[in-house]
Amino acid sequence: MESNKKRIAIIGTGISGLMACKYTLEKGFNPIVFEARSGIGGVWSQTIESTKLQTPKDFYQFSDFSWPREVKETYPDHTQVLEYLHAYALHFNILPRIKFNSKVTCIDYVTSSTADLHSWDLWGGSGEPFSPWGKWRLTVQNGQNPSASAPTDQVYQVDFVILCMGRYSDLPNIPDFPLNKGPEVFNGKVLHSMDYAAMDDDVAADLIKEKRVTVIGFQKSAVDIAAEVANKNGATHPCILLFKTAHWIVPEYLLPLVFQGLNRFTELMIHKPGEGFFIWFLTMLLSPLLWIFSMSIECYLKYMYPLKKYNMVPTHRFLKQISSCMFTVLPANFYDRIKDGSLFLKKSQSFSFCRNGLIVQGESKPLLSDIVILATGYKSEEKLKNMFSSTLFQKCIAESSAPFYRECIHPQIPQLAILGYADSPAILYSTEMRSKWLAHFLAGNFRLPTISKMEEDVMEWEKCKRRDEKESYRRSCVSTLLQIYCNDQLCKDMGCNSRRKNWFLAELFAAYGPKDYKDLS
């Protein structure tokens, strides 16, 4: 196969887009990368002032490109992360491949085959990355020319598409409200956390200065924004964090302990898809250890922090939260701000808007507010679905809850991969493994199994994880606690040794990280 003659399009330049470009370049391809904004970095290019890593940097680094020596912090801030990503892009000569200010508005699969795609036994008709029967047509909106009256569209035809759009951007999740009870009746300002994060730091500071701010939500962005507003405004204009469900918030110093637990011994305690009786029995014997660890963390957090006092004791287990990718790190001085009256916590099952604030369920008086920030997440699956012009492919995304094969290939969508969709405690680490796997596949080092075999595999994953996680199941989080097990599968496909440690005890009890997989490419 002449790889330099095959056209590969990569959409997005967050960490997944950068790695997709780097590893396809290494295999001899000439990828073209489309980025809607004017710079790289994805979510790191637009974030609030206080944002920093929630992963120890040893687990958030490229396997072959270490953090600069001058970065001493265990959790670098967003500026340091963005500089690190820029250094990576420069070092591997990625920037010349990127078309900035180029937004891909839709992609359409064009095939010369008269056969129905769903009648194929093999992915793309051949089980290989490049099919002789089809190509992707990309419509790209070019907003680079400021003198143009309107953005112009260009059409590109490529042999393979890698979607690297991320989960936490572009399409905010806005709650629905009854008629005359939504933001339209509110005299103040309502915005999503995405819009707040996109502001320059000084603009955001001016917006909230001496204002009564209410933040809705209890995930990472909600807690971080509420802490930032409380630190800036103080007790004279306290911030209110209004939430429906409390989650476990872990202090930074506990994170290394959690990440050191990402080892093979821990994974023996977790059920896996398609496991035989012996593995199932071993897991049943060892799983109480995982329950003890989870309970120990919960007891410690309840002892150290006034969770009961502020109605912040979660009703779910700590381990269940981790497996559902709902990991939140405690911002600095969070409880100090509560104690000094700069931050108030309020739990409610529902709320609506009124002219001068919010009507909270169970309270007779309105919650007076000047600004309401909705930190209510993103519609990541809808964003992904909307990329396709074909209703057939839209249904493939929207009407299935099964994970993707190897968490990046949809069995029914040919010549396309999705990177950065699968969530994990160390997203850069897990995405890099799939970037390497995808580059090996594109280079023809292995073929995919039949479509039916891939569908059987993903259904096994869904069945297994639904049994464990029940209502908190999300297909983007199926491998959160089985990262090494999933890496073993990727290594097997690539023909690489999955055992990366030097001796038995380290193999069983030492944590696995990016550096262990440095030489896979």
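Rules of the game
- Residues numbered from 1 in each chain as written.
- Predicted model: local features only at pLDDT ≥ 70, side-chain atom pairs only at ≥ 80, totals over all residues.
- Heavy atoms only, no water.
- UniProt positions renumbered as here; feature names shortened; annotations may be inferred.
- Helix = DSSP H or I, 4+ residues; strand = E, 2+ residues; numbered from the N terminus.
- Buried < 20%, exposed > 50% of the residue type's maximum accessible area, 1.4 Å probe, protein only.
- 1 Å grid on protein atoms, 1.4 Å probe; cavity = no way out; pocket = protein on both sides within 12 Å on 5 of 7 lines; lining within 4 Å.
- Points joined across faces, edges and corners; volume = space filled by probe spheres on them.
- Nonpolar A, V, L, I, M, F, W, Y, C, P; charged D, E, K, R; others polar.
- Domains from an automatic or database assignment.
- Salt bridge = Lys/Arg side-chain N within 4 Å of Asp/Glu carboxyl O.
- Disulfide = S-S within 2.5 Å.
- Core = buried A, V, L, I, M, F, W, Y, C linked by side-chain atoms within 4.5 Å.
- Contact = heavy atoms within 4.5 Å.

Per an unreviewed UniProt entry, the chain goes by the name Flavin-containing monooxygenase and belongs to Gossypium gossypioides. Under Cofactor (unreviewed entry), UniProt gives the following word-for-word description of the chain: "FAD".

Engineer: Mind laying out the side chain of serine 380, listing which residues take part and the relevant values?
Structural biologist: With respect to the secondary-structure elements, serine 380 resides in helix α11 (residues 380–386). Relative accessible area serves as the criterion here: at 10%, serine 380 is assigned to the buried category.

Engineer: Give me the layout of surface pockets: which residues, what numbers.
Structural biologist: Here the second largest pocket is characterised by a volume of approximately 460 Å³. Along the walls of the second largest pocket sit 19 residues, with Leu290, Leu319, Lys320, Ser323 and Asp468 positioned nearest its centre. Listed by contribution, the elements that provide at least two residues to the lining of the second largest pocket are α8 (277–304), α9 (318–323) and α14 (451–469). Of all the elements, α8 adds the most residues to the lining of the second largest pocket, at four residues. By residue class, the composition of the lining of the second largest pocket is eight nonpolar, six polar and five charged. Domain assignment of the residues forming the lining of the second largest pocket places at least three in each of domain 1 (8–169 + 379–517) and domain 2 (183–374).

Engineer: So, the pattern of salt bridges: which residues are in play, and what are the values?
Structural biologist: One pass over the full model with this rule turns up 21 salt bridges. With a closest N to O distance of 3.0 Å, glutamate 49 and lysine 232 form a salt bridge. With glutamate 49 in the loop between β2 (32–34) and α2 (78–91) and lysine 232 in helix α5 (residues 220–233), this pair connects stretches of sequence that are 183 residues apart. The network of salt bridges with shared partners includes Arg264, Asp488, Arg499 and Glu507.

Engineer: Give me the state of the cysteines: which residues, what numbers.
Structural biologist: Overall, the coordinates contain one disulfide when judged by the stated rule. The residue that forms a disulfide with cysteine 325 is cysteine 477, at a sulfur-sulfur distance of 2.3 Å. Residue cysteine 325 is found in the loop between α9 and β12 (328–329), and its partner cysteine 477 is found in the loop between α14 and α15 (483–494); the two are separated by 152 residues along the sequence. With relative accessibility at 16%, the residue cysteine 325 sits in the buried group. Residue cysteine 164 stays outside any disulfide, its sulfur separated by 9.7 Å from that of cysteine 21, the closest cysteine. Free cysteine cysteine 496: the closest other cysteine sulfur is in cysteine 491, separated by 5.7 Å. A relative accessible area of 22% places cysteine 496 in the partly exposed class.

Engineer: Mind laying out unusual backbone geometry, listing which residues take part and the relevant values?
Structural biologist: Even without glycine at this site, asparagine 311 takes up a positive phi of about 60 degrees. With respect to the secondary-structure elements, asparagine 311 resides in the loop between α8 and α9.

Engineer: So what about empty space enclosed by the protein? Which residues, and what values?
Structural biologist: Summed over the entire model, instances satisfying the criterion amount to seven cavities of 30 Å³ or more. Estimated volume of the largest cavity: approximately 100 Å³. As for the largest cavity, its lining consists of 13 residues, of which Arg406, Glu407, Trp461, Cys486 and Gln489 are closest to the centre. Those elements that place two or more of their residues in the lining of the largest cavity are α14 and α15. By residue number, the principal contributor to the lining of the largest cavity is α15, which donates three residues. Of the residues belonging to the lining of the largest cavity, the class tally is seven nonpolar, two polar and four charged. Within this model, the second largest cavity holds a volume of roughly 70 Å³. Around the second largest cavity sit Leu163, Cys164, Met165, Gly166, Arg167, Ser380, Lys383, Leu384, Ile418, Leu419, Gly420 and Tyr421, which together line it. Top element by residues in the lining of the second largest cavity is α11. It accounts for three residues. Taken together, the residues that form the lining of the second largest cavity break down as seven nonpolar, three polar and two charged.

Engineer: Could you give an account of the nonpolar core, naming the residues involved and the relevant values?
Structural biologist: Considering soluble globular proteins, one finds that nonpolar side chains tend to be buried as a cluster. If you look at the biggest cluster of nonpolar residues, it comprises 144 residues, and the most contacted ones within it are Ile107, Trp136, Leu138 and Phe334. Taken domain by domain, the makeup of this core includes at least three residues from each of domain 1 (8–169 + 379–517) and domain 2 (183–374). Leucine 138 has contacts with Ala9, Ile11, Phe34, Val104, Cys106, Ile107, Gln154, Val155, Tyr156, Val158 and Val161, leaving out every residue within four places of it along the chain. Core analysis: the second largest hydrophobic core is formed by eleven residues, Phe186, Ile240, Val360 and Leu367 among them.

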